[in-house]
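Here's the letter readout for the chains.
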Amino acid sequence: MSTKLNWIRDELASLKQQNLYNTIRTIDSPQGAWIVVDGKRVLNFCSNNYLGLANDARLKQAAHDAIEKFGVGPAAVRSIAGTLSLHNELEKRLAEFKGVEATISFQSGFNSNGAALPALVGKEDVIFSDELNHASIIDGARLSGAKIVRYAHNDAEDLEHRILETGDYRRALIVTDGVFSMDGDIAPLPQIVEVAERHDLMLMVDDAHGEGVLGRGGRGIVDHFGMHGRVDVEVGTMSKAFGVVGGYVAGKREIVEWLRQRGRPFLFSSAVPAADAAACIAAVDILEESTALVERLWDNARYFKTEMQRLGFDTGASETPITPVMLGDAQLAQNFSRALFENEVFAMAIKYPTVPQGKARIRVMISAAHEREDLDKGLEVFGKVGREMEVIQ
Ligand SMILES: Cc1ncc(COP(=O)(O)O)c(C=O)c1O
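Residues numbered from 1 in each chain as written. Predicted model: local features only at pLDDT ≥ 70, side-chain atom pairs only at ≥ 80, totals over all residues. Heavy atoms only, no water.

(A) Summary view of the overall build of the protein. The number of helices and strands found in the protein is 15 helices and 13 strands. For the protein, the C-alpha radius of gyration of 22 Å lies close to 21 Å, the compact-globule estimate for 393 residues. The principal-axis extents of the C-alpha atoms in the protein amount to approximately 60 × 55 × 55 Å. Expressed as a percentage of its 393 residues, the buried residues of the protein come to 52%. (Helix = DSSP H or I, 4+ residues; strand = E, 2+ residues; numbered from the N terminus. Rg over C-alpha atoms; globule rule 2.2 N^0.38 Å. Buried < 20%, exposed > 50% of the residue type's maximum accessible area, 1.4 Å probe, protein only.)

Here it is as structure tokens:
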């Protein structure tokens, strides 16, 4: 009998034994404040649907219309078989929205990092990377073959120190998340920009959790800090605040032109279908028309965080609607999440290796889709479970 796959069985058993096995729940409803998870209707504190657009009637209509006109599949990669007019329109609209010269869209935010980093740096180069950067930045950096130098989280002084102590290189790029998705803290962009400019290095920011959230009308972290024109590359995703799927790179015209020539996910993988591109354009329309959803998101986030702190919970270093509820112990976080679910609240435990050992938490994602009574329900259940588990008094 073959034994060649036994190692996988052993690894899976070991994950289960360490309580690190990832169980995927099944959703059977549209995204919204309440969703059906594993057959049960629960309050949704899990999704990145910041503005509630994932089930918005205007986005759905745009997707329907696009299916009627273009069908369902792109049928080939854009560089070979031609690009849909909808992709061009989306890129133009995103460039206007972000206040940059140009954008290029990809299948996901993950792929956008996988396209940009290897296209901008290679074996003779260096990437200075925040130690808590997202996995897609880490993988894109590895793919590039460049030397990776990690600097202390959100520490522009350490970044500069690392730059000074790193020897010869051809080119270098600094890369950071804009908003860090596990803690909800914001990169100190003005200080990082100063360092980048002082050393004349390329600077790239992944704005996945900043767009639709930070800046005027959700224009993102660069707008939030008034740094237009001083960040070379912005990476974005359409899968969070925009409510759809896809990613993009925004910046100077020549960078985007270069990615059309050298961005491998652009050259070798099909684009998102017409329905998704059309829904993304409708999301940009909504954000450009009104700031109401972004304001509602922030009102909700402020209310929930303040009330959680009043209850006695530690919400960590968050400066955004991402609300970590710090518990420390991984088993406690796991049990806490389970008890929340029994009480109709869906909020996941985040444990090692996603966050450091001893820093386990429940991560609550607040959305503009939540009504005040939804937040009150969440607070009531958090209070009940917290007291039962002796996390609060
Ligand atoms: C910082 C960051 N970059 C990229 C991504 C990937 O985005 P997408 O889901 O569009 O691939 C995420 C998603 O979690 C993220 O948090």
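Alright, that's what it looks like, and here's the rest.
(B) Geometry of empty space enclosed by the protein. A complete count under the given rule lists three cavities of 30 Å³ or more for this structure. Reported here for the largest cavity is a volume of approximately 50 Å³. Every residue lining the largest cavity is listed: R78, H87, S105, F106, Q107, P265, F266, S269, A271 and V272. Looking at the lining of the largest cavity, the elements that each hand over two or more residues are β3 (102–106) and α11 (264–268). (1 Å grid on protein atoms, 1.4 Å probe; cavity = no way out; pocket = protein on both sides within 12 Å on 5 of 7 lines; lining within 4 Å. Points joined across faces, edges and corners; volume = space filled by probe spheres on them.)

(C) Quick peek at the side chain of T103. Its place among the elements puts T103 in strand β3. Engagement of the side chain of T103 in a polar contact is seen with the backbone oxygen of E91, the distance being 2.9 Å. Those residues in contact with T103, other than ones at most four positions away along the chain, are E91, L94, A95, Y248, V249, A250, V256 and R260. (Polar contact = N/O pair within 3.5 Å; in protein donor to acceptor, adjacent residues only side chain to side chain. Contact = heavy atoms within 4.5 Å.)

(D) The arrangement of the site of the ligand in detail. Around the ligand, the structure places 13 residues, and the nearest of them are G109, F110, D206, T237 and K240. Here an oxygen atom of the ligand sits 3.3 Å away from a polar atom, N or O, in the side chain of H134. Within the side chain of S239, an N or O atom sits 3.2 Å from an oxygen atom of the ligand. About the coverage of the ligand: the protein hides 83% of its 390 Å² of free accessible area. In terms of residue class, the shell around the ligand is built from two nonpolar, eight polar and three charged. (Near = heavy atom within 4 Å. Areas by Shrake-Rupley, 256 points an atom, 1.4 Å probe, with all protein chains shown as cover. Nonpolar A, V, L, I, M, F, W, Y, C, P; charged D, E, K, R; others polar.)

(E) Examining the domain arrangement of the protein more closely. Here the domain parsing of the protein yields domain 1 (23–50 + 291–388) and domain 2 (57–289). Computed from C-alpha atoms alone, the centre-to-centre distance between domain 1 and domain 2 is 27 Å. Between domain 1 and domain 2, the residue contacts involve 21 residues of the former and 19 residues of the latter. In this assembly, domain 1 packs against domain 2 so that about 1600 Å² is buried in total across both faces, 62% of it on carbon and sulfur atoms. There are one salt bridge connecting domain 1 and domain 2. A salt bridge links R361 to D183; its shortest N-O distance comes to 2.8 Å. There are nine residue pairs in polar contact (both at pLDDT 80 or more) connecting domain 1 and domain 2. Elements with a minimum of two residues in the side of domain 1 that touches domain 2: α13 (292–311), β10 (322–328) and β13 (360–365). Ranked by the residues each element gives to the side of domain 1 that touches domain 2, the list is headed by α13, at four residues. Of the residues contributing to the side of domain 1 that touches domain 2, the split by class is twelve nonpolar, six polar and three charged. (Domains from an automatic or database assignment. Buried area = accessible area lost by both parts, 1.4 Å probe. Salt bridge = Lys/Arg side-chain N within 4 Å of Asp/Glu carboxyl O.)

(F) Representation of the packing of helix α5 (residues 109–120) against helix α10 (residues 253–262) in the model. For the pair α5 and α10, interaxial distance at closest approach is 10 Å and the crossing angle is 100 degrees. Of the possible angle classes, the one that applies to α5 and α10 is roughly perpendicular. Within the contact between the two elements, α5 uses A115, A116, A119 and L120 and α10 uses W258, L259 and R262. Split by residue class, the contact of α5 with α10 holds six nonpolar, no polar and one charged. (Axes fitted to C-alpha atoms, helices over the stretch in contact; angles between N-to-C directions. Parallel < 35°, antiparallel > 145°, perpendicular 65-115°, else oblique.)

(G) Seen up close, the environment of E96. Within the secondary structure layout, E96 lies in helix α4 (residues 85–98). Once the C-alpha coordinates of E96 and N22 are considered, the two residues, 74 residues apart in sequence, prove to be 40 Å apart.

(H) Quick peek at the sheet that holds strand β1 (residues 34–37). Read from one edge of the open sheet, three strands run β1-β2-β11, paired in mixed fashion. Edge positions in the sheet fall to β1 and β11 (345–346), since each has one partner strand and no second. Across two bridges, the pairing between strand β2 (residues 40–44) and β11 is parallel. Its bridge partner lying in β11, N44 is registered against F346. Contacts between helix α15 (residues 372–388) and the sheet are confined to β1, β2 and β11, with β2 contributing the most and set at about 100 degrees to the helix. (Pairing = 2+ DSSP bridges.)

(I) Expanded view of α5. An ideal rise of 1.5 Å per residue puts 16 Å on twelve residues; α5 measures up with 17 Å between its terminal C-alpha atoms. Of all twelve residues in α5, nine are buried; the element is thus mostly enclosed. By the N-cap criterion, in which a side-chain oxygen at the helix start approaches the backbone nitrogen of a residue two or three places on, α5 is capped by S108, the distance to F110 being 3.4 Å. (Expected span 1.5 Å × (residues − 1).)

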